[in-house]
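Fold and contact review
Here is how the chains run, residue by residue.
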Amino acid sequence: MDSNDYSYLFDELASPKFFGILSRNETAKGNFFLLCAIDDYFNNCNKITISRQELTDYLNEYIRNNSALEFDSDIDNEDGETISYSKSAAPFINKLIDTGWLIQELYGFSQMISRSRLFVVIIDSLKKVCNHSTHKEYTSEVVDIYHNIENIIPFYLDSQPKNTDRLIGYFESIETSIDELSRNLQMTNENIAAFIRKDQKNTQKTIEESLSCLLNDYQNYSDYIAFTRLIDVDNPDKFKGKINEGLDLIKSKPGIYIDAYIETKQKRPTDEDFTKVASLAEESLKEFISKVEMFFGNVDSIIKQISVKNKNYVDVNYEKLKFKNTGIKDLSSQINKALSILKNVNYEDNPEFSNLVEVPTFCLLDSESIYKPRSQSAKAPDSFAFTARTIDPAILEEVEKRNSLRKKFNRKAVVSFALRALGNKETIQADQIDINNKDELFLLVLIPAFARSDSNPYKIKALDKRFNKEGFDLADFVIEKENINNGHQKELF
Amino acid sequence: MDIKKNCSELNESVQSSSDTELNEIKETILKLLSDTYLVKDKISDSYFYNIAITNQKIIRDYFSMMDIDLILKEGLIYIKADNGGLRYRLSKLETVLLFILKLIDIDSMIDLTGSEPHLTTVQSIKNKLEASGVYPVGKPQKTEFIQALIRLKRMKFIDFKGSNSYSIDDDQIVNIYPTINEIINGDSTEIILASLSNYKKKDESDDEESGLEDNEDEKTSED
């Protein structure tokens, strides 16, 4: 069904205020009771229409007997003004006619009232929601499915179908039963949940009341009885074997259903295009099989869902009742007393407190322990034997040589050389610096290497030319003195 | 305790059990020795709990040879050594938290209309701890509080998801296990109260003594 099919509901509404009758908080309950009373009256009389006078008399009598009932007695006149009337049946009936719940027709000189189609459907559904008085039994629906499958099997075992109408009838009947059963199971689940919610909302219950609710109200609750029957007498598992056997037969010979479907459609007057009937039959068969399979696949989970809810409710109440009955309140006061003492004394100052609560255990370690095994400490020797060690003079000389080299060409030495070259000048070009030996040549080469540091007392500007010094071809640059970082100069020298 | 008798009974039980059963029993005994407690509702324990329930005779005989009792309570199985055994001493915060958890558990049981019993949240524990006034405002710090909860979780008093202060938020649901009843019950609380009141008296008497000394000092100074 697509959304266009649903929109038909609003086309059918005679008045946009149709649902308003049941939506005003203060009067909705009274209105609903009166609607139910009207519905009951129609059903009891077994009539489709009754005279307005008869209905008014009946409702007035009903209102007199239920004087506390609050219901709508105001009506909007033609000018859009709301006029309130005394609490009687006539204005309420007028309101129902205005809003489309009731239909008024003239037969000769008498005004006859009938219920609208929506009235019948909606009040019937709402009554079903409220009605817990009768025990639901799933047996009939499950057995219906079972018998229908049993009836279908001979059609598949004999080569020629005996009566195609009957075969299709069995299929339709199974689908209807599954729909009904599925809806009822959902309702049972919801009703049990609603009962538990209602019970949990009552905060002022004594032990006796809770016990009575658990042992009387809940045990006699129609949906609970239906549920216990569902897991016992009506359990769909009992019929699953035969139903699966039938389904396998239906799947193995799809032609029988398709032929029967086409034949039935040809017999029945319909607007359907007969060229498409074969594909429709195939689709219908697929739908049927998936519906049955899905239902019997899901029914276990629905029963389990109800079962879990039921178990939790009983468990929770049992534990709480048992606990409440053991006069445990003394323990609470003892604990509170202990806490108040702990509040006033200094726990850390009393080493005895560490023995206050001890948890017996057999293993102090587990996978989450942060314990690290202690490594065995080495035992100190009784006496130490010192042996004089001599270093090879050649190695010592090599080490000293390297150390002096490091000192000779470190940053301090390079900066010192650069500043010495600058002297009092602000700038100097590299090719103008006098070089006396190879060490100084290396220092000159290293000047740009240390120039990038911010703390350097000089900076370098590269020039696009080269010069020759001591037989080496070098890139020329200019050294510029920076006087800002005196601190650093101090630090360096 | 008749060790020989227990040993022969154990031998009979072992002979009549299959290899698979014996392996399961061995695993369960090791689990009991490492964890002490097996909680039915704890997912990682339920397998061992069920094995311990079905094979309680053989496990009991095994432990009885070492003077260790196998104790069965509702939803809990644990071992207890009569002659001492190891003890884990709870810190002040852990002790206070255990008291508070027990109070919450009692409240959840007394309230016939509330949510499921034995369930609470980290926030509820915090609120109750603050309300107790044992610690000054702002104490204990979050990490210390969560670490204490984690230690109680390791001892199977409680259970919750997460294992550090980053993964545990205030809405975290905490399940209180029946293990708590074995440590905090009517008898144990009486003993705790008796020790606590002794300490309090000791504190007061210390104060009194020190007070007297002060007075004497004052007297000497006056002289």
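Everything numeric here is computed off the predicted structure, so don't read it as measured data.

Residues and elements named next belong to chain B. Within the largest apolar cluster, 51 residues are counted, with the highest numbers of intra-cluster contacts made by Leu97, Leu98 and Ile125. At 10 residues, the largest contribution of residues to this core is made by helix H5 (residues 92-110). If sequence neighbours within four positions are ignored, Ile125 has contacts with Leu97, Ile100, Leu101, Ile104, Thr120, Phe145, Leu149 and Val174.

Residues and elements named next belong to chain A. Relative to each other, helix H3 (residues 52-65) and helix H4 (residues 89-99) sit at 120 degrees, their axes nearing to 9 Å. In this view, H3 runs oblique relative to H4, as classed from their interaxial angle. Note on packing geometry: the crossing formed by H3 with H4 is right-handed. Judged by residue contacts, Arg52, Leu55, Thr56, Leu59, Asn60 and Ile63 of H3 engage Ala89, Ala90, Phe92, Ile93, Asn94 and Ile97 from H4. Here the residues of the contact of H3 with H4 sort into eight nonpolar, three polar and one charged.

Turning to the pairing of strand E9 (residues 472-481) of chain A, a few remarks are in order. When a strand is regular, its side chains alternate between the sheet's two faces. Residues and elements named next belong to chain A. Where strand E7 (residues 427-429) lies against E9, three bridges are found, and the strand directions are antiparallel. Bridge pairing in E9 links Ile428 to Ile479. As paired strands, strand E8 (residues 458-469) and E9 are joined by nine bridges and run antiparallel to one another. Paired with Lys469 across the bridge in E9 is Phe472.

This next bit is on the packing of aromatic side chains. Residue and element names in this part refer to chain A. Within this structure, the stated rule accounts for 13 aromatic pairs over all chains. Judged by centre distance (5.2 Å) and plane angle (55 degrees), the rings of Tyr146 and Phe239 are tilted. Taken as a pair, Tyr146 in helix H6 (residues 139-157) and Phe239 in helix H10 (residues 237-252) lie far apart in primary sequence, 93 residues in all. Of the residues examined, Phe239 reaches a relative accessible area of 14% and is grouped as buried. Ring centres 5.9 Å apart and planes at 35 degrees place the aromatic pair Tyr257 and Tyr261 in the tilted group. On the criterion of helical spacing, the pair formed by Tyr257 and Tyr261 is a turn pair, its members being four residues apart in helix H11 (residues 254-267). Here Tyr257 matches Tyr261 in class, with each residue buried. By the ring-pair criterion, three or more aromatic residues cluster together here, those being Phe171, Tyr257, Tyr261 and Phe288.

Residue and element names in this part refer to chain B. The full count for this structure, using the stated rule, is 25 salt bridges over all chains. Residue Glu9 pairs with Lys57 through a salt bridge whose shortest N-O separation is 3.3 Å. One end of the pair, Glu9, is in helix H1 (residues 3-16); the other, Lys57, is in helix H4 (residues 56-64), with 48 residues separating them in the sequence. In this structure Lys57 comes out as partly exposed when scored by relative accessible area, which is 46%. With a shortest N-O distance of 2.6 Å, Asp45 and Lys156 are connected by a salt bridge.

Procedures and definitions
Residues numbered from 1 in each chain as written. Chains lettered and ligands numbered in written order. Predicted model: local features only at pLDDT ≥ 70, side-chain atom pairs only at ≥ 80, totals over all residues. Heavy atoms only, no water. Core = buried A, V, L, I, M, F, W, Y, C linked by side-chain atoms within 4.5 Å. Buried < 20%, exposed > 50% of the residue type's maximum accessible area, 1.4 Å probe, protein only. Helix = DSSP H or I, 4+ residues; strand = E, 2+ residues; numbered from the N terminus. Contact = heavy atoms within 4.5 Å. Axes fitted to C-alpha atoms, helices over the stretch in contact; angles between N-to-C directions. Parallel < 35°, antiparallel > 145°, perpendicular 65-115°, else oblique. Left-handed = near helix turned anticlockwise from the far one by under 90°. Nonpolar A, V, L, I, M, F, W, Y, C, P; charged D, E, K, R; others polar. Pairing = 2+ DSSP bridges. Phe/Tyr/Trp six-rings, centres within 6.5 Å; stacked < 30°, edge-to-face > 60°. Salt bridge = Lys/Arg side-chain N within 4 Å of Asp/Glu carboxyl O.

The values reported here are purely geometric and, on their own, carry no functional implication.
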